[in-house]
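Inside the fold
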Amino acid sequence: MRERTSLALPGLLILAVVIAVAALGVYLLAGSISESGIESPGPLGAGILVLVGAGILASGLTVVQPNQSNVVIFLGHYLGTIRENGFRWTWPLTYRKVVSLRVQNFDSQILKVNDAAGNPVEVAAVIVWRVTDTAKAAFDVEDCEDFVKIQTETAVRHMASLYPYDSYAPDVASLRANADQVMDSLHRELQGQLEPAGVEVIRTQLRRLAYAPEIAADMLRRQQAEAVVAARSRIVEGAVGMVEMALDALSAKQIVRLDEERKAAMVSNLLVVLCGETRAQPVVNTGTLYQ
């Protein structure tokens, strides 16, 4: 079922017609009844019919609030949707169900999920959504808001299980380091799940992402150790490059000639200076290089 436009005429114009028809009915009733009783049953019946017609005509009057819509239903049949706000008139003797077109937020609960590496993490997301097809929202699902809530939690759980919380491998995406990619994945999956309800997902955003309390301390130590290893590897890589550059410069400019043993000693000393955590204390050699 898809949305279609319902009949919607200006309400003030129809209200004026209703008042005129009701006045005609009252006039006919008043003309058929005198102090002695009913003078003519014909005008009396006509007056009653005119008043009933005015009441039926008035039943089509409705008010549509801004950024809301009225889904018009007659005897179980969908007639259309009124999106124009204001005082309107539509098919009489119909039921009008109000469906909001406003942008809405849904803040999911904090869910405990195992990530791709099997570690329990706590994750929660904020979803910004709105109804784009009122017919689907009204008839294809039982309750549109409950449907959005349940499908959002399902999609968040599935998304969290596809990625590890953290990864130092450059080709492996993680929940913490690749937030944009993770949110795009969640947005696509959630949009596909909410399509039957006529809902558009405007934006998705993680509100909470953390390790579960029972492993948070251990994973923090692991993160610190991995960070130290990564930093040390970077430092050693840079130090080796600087030592190589120093030896090449000394040889190219023929400042000093070193044998292999002295080169090894120089490399060792430079690596200690460059990779050490504390500042090296200079020592002045007052003798020769080989003393």
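Attention in this report is confined to the structure presented alongside it. (Residues numbered from 1 in each chain as written. Predicted model: local features only at pLDDT ≥ 70, side-chain atom pairs only at ≥ 80, totals over all residues. Heavy atoms only, no water.)

Looking now at helix H4 (residues 144–162). A rise of 1.5 Å per residue sets the reference length of H4, with its 19 residues, at 27 Å; its end C-alpha atoms lie 27 Å apart and thus fit the reference within 8%. Burial in H4 covers these residues: Cys144, Val148, Gln151, Thr152, Ala155, Val156, Met159 and Ala160. Looking straight down H4, one finds that the buried residues subtend no more than 165° of arc, so they occupy a single side. Sitting at the head of H4, Asp143 places a side-chain oxygen 3.1 Å from the backbone nitrogen of Glu145. (Helix = DSSP H or I, 4+ residues; strand = E, 2+ residues; numbered from the N terminus. Expected span 1.5 Å × (residues − 1). Buried < 20%, exposed > 50% of the residue type's maximum accessible area, 1.4 Å probe, protein only. Arc of directions from axis to C-beta. Polar contact = N/O pair within 3.5 Å; in protein donor to acceptor, adjacent residues only side chain to side chain.)

A separate point is the sheet that holds strand E7 (residues 86–89). Pairing in this open sheet of three strands is antiparallel, and the strands run E1-E7-E4 from one edge to the other. The open sheet terminates on both sides in strands that have one partner only, identified here as strand E1 (9–10) and strand E4 (61–64). Sheet analysis places E1 next to E7, joined by two bridges and oriented antiparallel. Paired with Pro10 across the strands is Arg88, a residue of E7. (Pairing = 2+ DSSP bridges.)

Turning our attention to the packing of aromatic side chains. Throughout the structure, instances matching the rule amount to two aromatic pairs. Centre to centre, the rings of Tyr78 and Phe139 are 5.4 Å apart; their planes meet at 65°, and the pair counts as edge-to-face. Residue Tyr78 is located in strand E6 (residues 77–82), and its partner Phe139 is located in helix H3 (residues 134–139); the two are separated by 61 residues in the primary sequence. You can call Tyr78 buried: its relative accessible area is 8%. A residue is classified by how much of its surface remains accessible, and Phe139, at 32% relative accessible area, is partly exposed. An angle of 40° between the planes, with centres 4.1 Å apart, marks the rings of Tyr165 and Tyr211 as tilted. Of the two residues, Tyr165 sits in the loop between H4 and helix H5 (179–194) while Tyr211 sits in strand E12 (residues 199–211), which places them 46 residues apart along the sequence. Tyr165 sits in the buried class, given a relative accessible area of 9%. On the basis of relative accessible area, Tyr211 is assigned to the buried category, the value being 11%. (Phe/Tyr/Trp six-rings, centres within 6.5 Å; stacked < 30°, edge-to-face > 60°.)

Turning our eyes to something else, we now look at the sheet that holds E6. Taken in spatial order, the three strands make up an open sheet running E6-E5-E8, and their pairing is antiparallel. Of all the strands in the sheet, the pair left with one neighbour each is E6 and strand E8 (95–100). Each adjacent strand pair in this sheet contributes to an overall mean axis angle of 25°, direction not counted. Alignment of strand E5 (residues 68–74) against E6, held across five bridges, turns out to be antiparallel. Pairing of Asn70 across the sheet is with Ile82, part of E6. (Axes fitted to C-alpha atoms, helices over the stretch in contact; angles between N-to-C directions.)

This paragraph deals with a nonpolar patch on the surface. A cluster of nonpolar side chains, namely Ile48, Val52, Ile56, Phe74, Leu75 and Leu93, defines an oily patch on the protein surface of about 560 Å² accessible area. Counting residues per element, the nonpolar patch draws most heavily on helix H2 (residues 41–58), at three residues. On the secondary structure map, Ile48 appears in helix H2. (Patch = residues over 30% accessible without salt bridge, like charges linked within 9 Å, V, L, I, M, F, W, Y side chains within 5 Å. Areas by Shrake-Rupley, 256 points an atom, 1.4 Å probe, with all protein chains shown as cover. Salt bridge = Lys/Arg side-chain N within 4 Å of Asp/Glu carboxyl O.)

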